[in-house]
Each structure stands twice: as C-alpha cells, then as structure tokens.
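Inside the fold
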Amino acid sequence: MGAYLSEPIVDKESTDESSGNLVCGASSMQGWRIHQEPGFDSGCTAVVAVLKGDELYVANAGDSRCVLCREGQAVELSFDHKPEDAPEMERITKAGGNVTADGRVNGGLNLSRALGDHSYKKNICLPAQEQMISALPDIQTITIDRKKDEFLVLACDGIWNFMSSQNVVSFIKSRLDRGYKQMSKICEELFDHCLAPSTLGDGTGCDNMTAIIVQFKKAEGGEGEAKAVEVTSVSKKRPASPNASTENGADCSTDDNGRDDKRFKSESC
C-alpha cells in the first residue's frame, strides 16, 4: 500500500470534454498516499475502453475496472486480476512465484497483472504473458443500447476497494438524475465519499483515486457518421516492486539485462 501522509491531499485534477453524443469527465486525487516519483521497476494497472459506433471494446490488466450502467444496473466489463484466482495462481506458480495467505505475489503485490513491475518478470524461460505478473489484458465486447445504457465509469482500485460496482453506478446515477452536467464534479464527490477519515483502519479509503465517467447522450435527429472515442484510465501504483523470487527451476535464470478519434486520459499518483 505504501506510506501515508499525516493529512490527506484532497485537491483534485479534473477535466471535462464532449464529443458527438458523449459527455466525459475525469478527475484524480492523491488522498492519503505519499507521492513518490516512479522508478525503473514501477508498475501500473490499466483499463481501456474504445467505443466505435455502438460497439464497445474493453481491455484491462490489473484491478482497475470498467462498469456500464444499463437501466440503472451495473454491468461489469472487466475482470479484477487477483493472485488467488485459480488461473492467475497457476501462472504465478509455474513462473517460480508463490501466493501468500493474504493474496500477495511473493508477499508483495496484491494483483496479478500490470504494466511494469519488472522484478516479477525475470524468468527468461518464459514469454512476457506467462511471467508471475503479466501485462496481457482480458478483452470484452458489448453493443451499447442507447435506449438502455446511460453511462460508463472507469476507475482504479481506490474506488472499488471501498464501493461495489452497483453502489458506484447508483451514486453516479443519482447525481445525473438531479441534473449534474459536469461528469468531473461527480468524480470529485465520489472521491470525497470514498476517502477514509483516518489511516487507522485496514487501508480502505486511503489509496489514491482516479475515475472517468462517460455519459451517453440521447441521439438527436439522424444517425450521422459514427465516431470512435477512446477512454483510458491508468492507475499508478507504488514506485518500486519488492524483489521477486528467483527460484525458477533447474535451468532457468533471471535476466536484468484516427481521423475522428478523441482521447481522454487521466492518471493518479
């Protein structure tokens, strides 16, 4: 989890954009976490959503999450990659690692897929996607129904560790129903709701937070030309990973050695 500040930093970095039939807002907040500059062995989770026409493609690596609001109900469009899940644990073990009782890889990371984290990717006998920590994403596809689907939310684990997918969807929908126009304002209120009052608990609500909300506006007039919009949420984790186990087998060793598109990207520190 990392070290904590004596007081949380609640300043937010926010932005709002619109494109065609979409309204987007994003924000990030440091919270209780001490800001540390990333190093060579830093890592981050990632979730990406690409909307082309009404076809939505979602890819994720790690425990950042993408959730669709369909008629007020949460539809999860990504998987949280956790070390204790059977397929993840099997890959970790085959790569020479282990999963501790509290669900951490070699006692360190509590997720099993991420970008970076190179100290967990040193088994030279295995390709990148089969290392203890893999960057290989899961991909899901869904067709957006403009009559039923209201919005999409992408957020890092600082949100999902505190609230369920349905609770987040209900939180956002209640504000849209009250006439909120700026999606970033809803993100900011979501952070304040998730923020722990102190660091004396189990760490829930003490992480940094990043979120993007994409509202689907009802189409007006003709269908027109479809546009592709890419929405990306990246959540930075701690600046360095712990040393990974090098017990990778008898003969294995470690080696140290567009045209109409619009992109919205937000990062948390």
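What counts and what doesn't
Residues numbered from 1 in each chain as written. Predicted model: local features only at pLDDT ≥ 70, side-chain atom pairs only at ≥ 80, totals over all residues. Heavy atoms only, no water. UniProt positions renumbered as here; feature names shortened; annotations may be inferred. Salt bridge = Lys/Arg side-chain N within 4 Å of Asp/Glu carboxyl O. Helix = DSSP H or I, 4+ residues; strand = E, 2+ residues; numbered from the N terminus. Buried < 20%, exposed > 50% of the residue type's maximum accessible area, 1.4 Å probe, protein only. Pairing = 2+ DSSP bridges. Axes fitted to C-alpha atoms, helices over the stretch in contact; angles between N-to-C directions. Contact = heavy atoms within 4.5 Å. Arc of directions from axis to C-beta.

Naming follows an unreviewed UniProt entry, where the protein chain appears as protein-serine/threonine phosphatase of Trichogramma brassicae. UniProt annotates the protein chain under Cofactor (unreviewed entry) with the comment "Mn(2+)". Its UniProt record gives the protein chain a comment under Sequence similarities (unreviewed entry), which states: "Belongs to the PP2C family."

**What about the pattern of salt bridges?**
A complete count under the given rule lists 15 salt bridges for this structure. Residue aspartate 207 pairs with arginine 33 through a salt bridge whose shortest N-O separation is 2.6 Å. With aspartate 207 in the loop between helix H4 (183-194) and strand S10 (209-216) and arginine 33 in strand S2 (residues 22-33), the pair connects residues that are 174 residues apart, well separated along the chain. For the pair shown, aspartate 207 and arginine 33 are each scored as buried. With a shortest N-O distance of 2.8 Å, arginine 113 and glutamate 88 are connected by a salt bridge. Placement of arginine 113 in the loop between helix H1 (86-94) and strand S7 (115-116) and of glutamate 88 in helix H1 is noted, with a sequence separation of 25 residues between them. The same class applies to arginine 113 as to glutamate 88, namely buried. Ionic contacts of the salt-bridge type, sharing partners, join the residues Glu88, Arg91, Arg113 and Asp138 into one network.

**Digging into the sheet that holds S10**
Across the sheet, 6 strands lie side by side as S1-S2-S10-S9-S5-S6; this open sheet has antiparallel pairing. Unpaired on one side and paired on the other, strand S1 (4-19) and strand S6 (73-76) mark the two borders of the sheet. Across the sheet, the mean angle from the axis of one strand to that of its neighbour is 20°, orientation sign disregarded. Judged from the 10 bridges that link them, S1 and S2 form a sheet pairing that is antiparallel. Bridge pairing in S2 places serine 18 opposite valine 23. Of the strands in this sheet, strand S5 (65-70), S6, strand S9 (149-155) and S10 are in contact with helix H3 (residues 165-177), which crosses S9 at around 125°. On top of the sheet, H4 reaches S1, S2 and S10; it is set at about 30° to S2, its chief contact.

**A word on the pairing of S5**
Within S5, 5 of the 6 residues are buried, which leaves it mostly tucked inside the rest of the structure. Taken together, the 6 bridges between S5 and S9 define a ladder with antiparallel strand orientation. Note that in S9 the partner of valine 67 across the bridge is valine 153. Sheet topology note: the S5/S6 ladder contains 4 bridges and is antiparallel. The residue of S6 that forms the bridge with arginine 70 is glutamine 73. Where S5 folds back on S6, the antiparallel hairpin that results is connected by 2 residues, among which glutamate 71 adopts a positive phi of roughly 55°.

**Here we look at H1**
Those residues of H1 that sit buried are Glu88, Arg91 and Ile92. For H1, the angular spread of buried residues about the axis comes to 100°, placing them on one side. Counted as exposed and oriented over 90 degrees from the buried face of H1: Ala86 and Lys94. Just downstream of H1, glycine 96 is the residue with a positive phi angle, here 100°.

**Side note on the environment of proline 197**
Following the sequence through the fold, proline 197 ends up in the loop between H4 and S10. Residues proline 197 and tryptophan 32, spaced 165 residues apart in sequence, show a C-alpha to C-alpha distance of 9.7 Å.

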